[in-house]
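Chain and residue survey
For reference, the chains in residue letters:
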Amino acid sequence: MNVQVRIQFESPTEDDWQSMRSLANRLTDDPASVRVSAEANPEWLVAEFTMQTEAQYLAVSKIDWAMRSETDNRCDSTISFPRTEAERERAERKAAARKVRRKREK
């Protein structure tokens, strides 16, 4: 599953960039998927990577633990699980099928 971790720092240093890379590398199932970048707002760094698919509530606790151990001076953070294009298309097909079934039931 795709994971995006955004962390706000007062003023990101090279150590913070390394912490983000270390965080992502600790959690990923594919080291080639790891990308760390800065947002337009220079206080936020973003780590994007893939993890083995599992329930999101379990993944959040793992990610939170890794954030606490890897990043010392974080101010705020967010965790999200963006869907791939294929996942979005599948969800749209399932929603359309549910809509058709409900229409037939009425």
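Here, residues in each chain are numbered from 1, in the same order as that chain's written sequence. With pLDDT at 70 or above as the cut-off, local features in this predicted model cover only qualifying residues; side-chain atom pairs require 80 or more to be listed or tallied, and sums for whole chains, interfaces and linings still use all residues. The side-chain numbers reported here are obtained from all heavy atoms of the structure, hydrogens and water having been left aside.

Remarks on the overall build of the chain
Spelled out, the test is: Helix and strand definitions follow DSSP, with helices as H or I runs of at least four residues and strands as E runs of at least two, each counted in order from the N terminus. Each residue's exposure class comes from its accessible area (1.4 Å probe, protein chains only) as a fraction of the maximum for that residue type: buried when under 20%, exposed when over 50%, partly exposed otherwise. Any two residues having at least one pair of non-hydrogen atoms within 4.5 Å are treated as being in contact. In these tables, accessible area is a Shrake-Rupley quantity obtained with a 1.4 Å probe, and a residue counts as shielded only by the protein chains included in the view. This count recognises Lys and Arg as positive and Asp and Glu as negative, with His and chain-terminal groups excluded. Positions of charges follow a simple convention, taking NZ of Lys, CZ of Arg, CG of Asp or CD of Glu.
Scanning the chain for helices and strands turns up three helices and four strands. Counting the 106 residues in the chain, one finds 28% classified as buried. Here the analysis covers contacts within the chain between residues at least 6 apart in sequence; of these, 62% occur between residues at least 24 apart. Of the roughly 7200 Å² that the chain leaves accessible, carbon and sulfur atoms contribute 47%. Across the chain, the 19 positively charged side chains and the 19 negatively charged ones have centroids separated by 16 Å.

A short note on the nonpolar core
We apply this condition: We define the nonpolar core as a collection of buried residues of types Ala, Val, Leu, Ile, Met, Phe, Trp, Tyr and Cys that are connected through side-chain atoms lying within 4.5 Å of one another.
Of all hydrophobic cores here, the largest spans 20 residues; its most connected members are Val3, Val5, Met20, Leu23, Phe49, Met51 and Ile63. Put simply, the parts of the chain that give this core at least two residues each are strand 1 (2-9), helix 1 (14-27), strand 3 (44-50) and helix 2 (56-70). Contact partners of Ile63, with chain neighbours within four places excluded, come to Val3, Val5, Leu23, Leu27, Met51, Ile79 and Phe81.

Overview of the layout of surface pockets
One way to see where empty space is left: roll a probe the size of a water molecule over the atoms. In plain terms, the rule: Grid points spaced at 1 Å and placed over the protein atoms alone form the basis of the search, with a cavity being a set where a 1.4 Å probe fits but cannot get out and a pocket an open set showing protein on both sides within 12 Å along at least five of seven lines. Lining residues have an atom within 4 Å of a point. Grid points are joined across faces, edges and corners, and a volume is the space filled by probe spheres set on the points. Residues are grouped as follows: Ala, Val, Leu, Ile, Met, Phe, Trp, Tyr, Cys and Pro are nonpolar; Asp, Glu, Lys and Arg are charged; every other residue, Gly included, is polar.
Its volume calculated, the largest pocket comes out at about 270 Å³. Lining the largest pocket, in full, are Met1, Asn2, Thr53, Glu54, Gln56, Phe81, Pro82, Arg83, Glu87, Arg90, Ala91 and Lys94. The biggest single contributor to the lining of the largest pocket is helix 3 (residues 85-105), with four residues. In the lining of the largest pocket, the residues fall into four nonpolar, three polar and five charged.

Examining the packing of aromatic side chains
Let me state the cut-off plainly: Pairing of aromatic side chains requires ring centres within 6.5 Å, counting the rings of Phe and Tyr and the six-membered ring of Trp. Pairs whose planes differ by under 30 degrees are stacked, by over 60 edge-to-face, and all others tilted. For a lysine, the NZ atom is tested; for an arginine, the CZ atom; a charge sits over a ring if that atom is within 6 Å of the ring centre and within 35 degrees of the ring normal.
What the rule picks out here adds up to zero aromatic pairs. When the ring centre of Trp44 is taken as origin, the NZ or CZ atom of Arg6, which lies over that ring, is 4.3 Å away.

Some words on the sheet that holds strand 2 (residues 35-38)
The condition is simple: DSSP bridges decide pairing: two strands pair if at least two such bridges lie between them. To obtain an axis, a line is fitted to C-alpha atoms, over the contacting stretch when the element is a helix, and the angle between two such axes runs from 0 to 180 degrees between their N-to-C directions.
Read from one edge of the open sheet, four strands run 2-3-1-4, paired in antiparallel fashion. A strand with exactly one partner marks an edge of an open sheet, and here the two such strands are strand 2 and strand 4 (74-80). The sheet shows a mean angle of 20° between the axes of neighbouring strands, direction not considered. Bridge analysis of strand 1 against strand 3 gives seven bridges, and the strand direction is antiparallel. Considered in strand 3, the bridge of Asn2 is made with Thr50.

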